[in-house]
Amino acid sequence: MTQQTIKKNNIRVELYDWIRIIATLFVVIGHSVYLKIVVAHGGVDYQLPINLSPTYYGNLLSFIREGHWILVYFHMPLFFFLSGAVLGLKPIKNLLYFIKSKIKRLIVPFFTAGFFFMLPVKFLGNFYSFNGMIHAAFTFWHGGLESDDGHLWFLAALFWCLVIFGILIKSLKKIHIENPFIPFIICFIIATLASKYSITDFMEINNGLKFIHWVAAGYVFEHYRHFYKFSYIRSVIICIIFICFHLWNRKVHFYNHYFLVIFGIIFSIALANVLSPLFKYLDANFHNGYQNFINKLFAIYLFHDPLEYLVLRIFFNRNLLSSSLGCYAYLFMRTIGVILISLLISNILDFILVQLKSRFRKTIV
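Just so it is clear, the structure is predicted and the values come from calculations on it, not from any experiment. In this convention, every chain numbers its residues from 1, walking through the sequence in written order. Note on the predicted model: pLDDT of at least 70 is required for a residue's local features to be given, and 80 or more for side-chain atom pairs to be given and counted; whole-chain, interface and lining totals, by contrast, use all residues. Neither water nor hydrogens contribute to the side-chain values; these are computed over all heavy atoms in the structure.

1. Remarks on the nonpolar core
Only buried residues count toward a nonpolar core. Its members are Ala, Val, Leu, Ile, Met, Phe, Trp, Tyr and Cys residues joined through side-chain atoms within 4.5 Å. Accessibility here uses a 1.4 Å probe with only protein chains present; expressed as a share of the type maximum, an area under 20% marks a residue as buried, one over 50% as exposed, and anything in between as partly exposed. Membership of the largest hydrophobic core comes to 114 residues, with the highest contact counts inside it found for Phe80, Phe154, Leu155, Phe165 and Tyr330. Helix and strand assignments follow DSSP, with helices taken as H or I runs no shorter than four residues and strands as E runs no shorter than two, numbered in order from the N terminus. A per-element tally of this core places helix 6 (residues 153-174) first, with 15 residues.

2. Re unusual backbone geometry
Positive phi outside glycine occurs at histidine 176, with the angle close to 65 degrees. Inspection of the secondary structure assignment puts histidine 176 in the loop between helix 6 and helix 7 (181-196). Unusually for a residue other than glycine, glutamate 204 sits at a positive phi of about 65 degrees. Of note, glutamate 204 is situated in the loop between helix 7 and helix 8 (205-224).

3. Focus: the confidence of the model for the protein chain
Known as pLDDT, the predictor's per-residue confidence is scaled from 0 to 100. Confidence in the prediction of the protein chain, expressed as mean pLDDT, is 92, and 96% of residues score 70 or more. Contacts were defined at the residue level, with two residues in contact if any of their heavy atoms lie within 4.5 Å. Ignoring residues within four places in sequence, the model shows residues 1-12, a span with pLDDT below 50, making four contacts including any to other chains.

4. Topic: the pattern of salt bridges
When a carboxyl oxygen of Asp or Glu is within 4 Å of a side-chain nitrogen of Lys or Arg, the pair counts as a salt bridge. On inspection of all chains with the given rule, the structure shows five salt bridges. Between arginine 20 and aspartate 17 there is a salt bridge, and its shortest N-O distance comes to 3.5 Å. Of the two residues, arginine 20 and aspartate 17 are both situated in helix 1 (residues 2-30); the distance of three residues between them amounts to about one turn of the helix. Among the residues examined, aspartate 17 registers a relative accessible area of 15% and is labelled buried. The salt bridge involving arginine 334 is made with glutamate 308; its shortest N-O contact spans 2.7 Å. Residue arginine 334 is located in helix 14 (residues 324-364), and its partner glutamate 308 is located in helix 13 (residues 297-317); the two are separated by 26 residues in the primary sequence.

Shown next, in the form of structure tokens:
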């Protein structure tokens with residue numbers, strides 16, 4: 001019995017690790033296309049040069065741009081869904097400890113990465129003027145559609161999702177209600193109301209409420225996951241259907257929100273299963289590097305988006321898109337390049353923290 005439980009737990013963690021990898025790659029691709037974005041105190045609006053190389057409209061770059069418009073519908077709900085699924089792995093025992101852990105995991109990075117990395121790097125990327133950056137720093141907590149918290153909005157929104165959902169789960173268990181569909185129904189009602197009536201934008205509370213039903217959906221998925229057999233052939237078929245649907249949808253423009261999100265999440269789970277041989281191969285042959293990459297997925301999310309503006313500034317100011325090589329380099333830097341730099345930054349920070357801890361210990365001794 002113990003061995004079977006351990007085996008199931010290992011499969012469960014592997015599946016969610018695979019989805020995390022895919023979701024992180026999706027969000028990087030989702031942030032790799034835009035040329036214009038405007039917020040309360042800053043923004044960019046890059047225009048393609050007159051001497052733009054035809055390579056920019058070639059198959060590879062067009063494929064990424066097309067993929068962006070598909071992924072944008074579901075890549076953020078996927079993160080909330082995955083968070084809910086992971087939350088369902090084990091019960092919440094101490095609610096206060098749970099909230100403290102989410103503050104450490106989400107709110108602390110929200111402010112530290114925002115003030116000490118995102119805002120300064122965006123300033124270097126011509127997203128903010130100096131005065132705009134200062135104003136953005138003072139209104140960082142505000143949230144809302146034109147907020148200056150950028151991609152980090154997700155951390156604050158997820159914090160409220162998990163805290164509210166955790167309180168809901170604990171409250172329902174006190175009255176002996178443990179069916180996961182009950183909190184899902186309640187969260188769906190909350191999300192529907194939040195979409196119609198804004199309570200407050202303080203630290204993305206309203207956005208958190210809008211996405212809370214996807215956390216609840218992931219929680220339901222984890223409770224019933226073991227009933228579903230992740231057939232490899234079935235997963236391949238789902239991926240093919242997903243691709244064919246979106247090829248067809250380029251002509252008919254069917255944009256039902258819930259359908260696209262649910263289909264996208266199902267596709268992501270199926271794609272994780274399809275790519276599982278690759279992930280298992282990397283884990284078996286490059287275990288340390290593979291595990292380190294998984295451990296750094298959160299760092300990639302934190303650091304990648306501000307780096308996009310540095311890439312934009314360099315390539316557009318130097319007119320590098322006028323050549324085929326420049327276009328391919330542009331694509332590389334906006335996808336793989338920002339990932340590699342994010343990993344480098346994370347490793348440097350880890351090294352610095354280790355050195356600081358070592359010196360601190362020596363000072364105490």
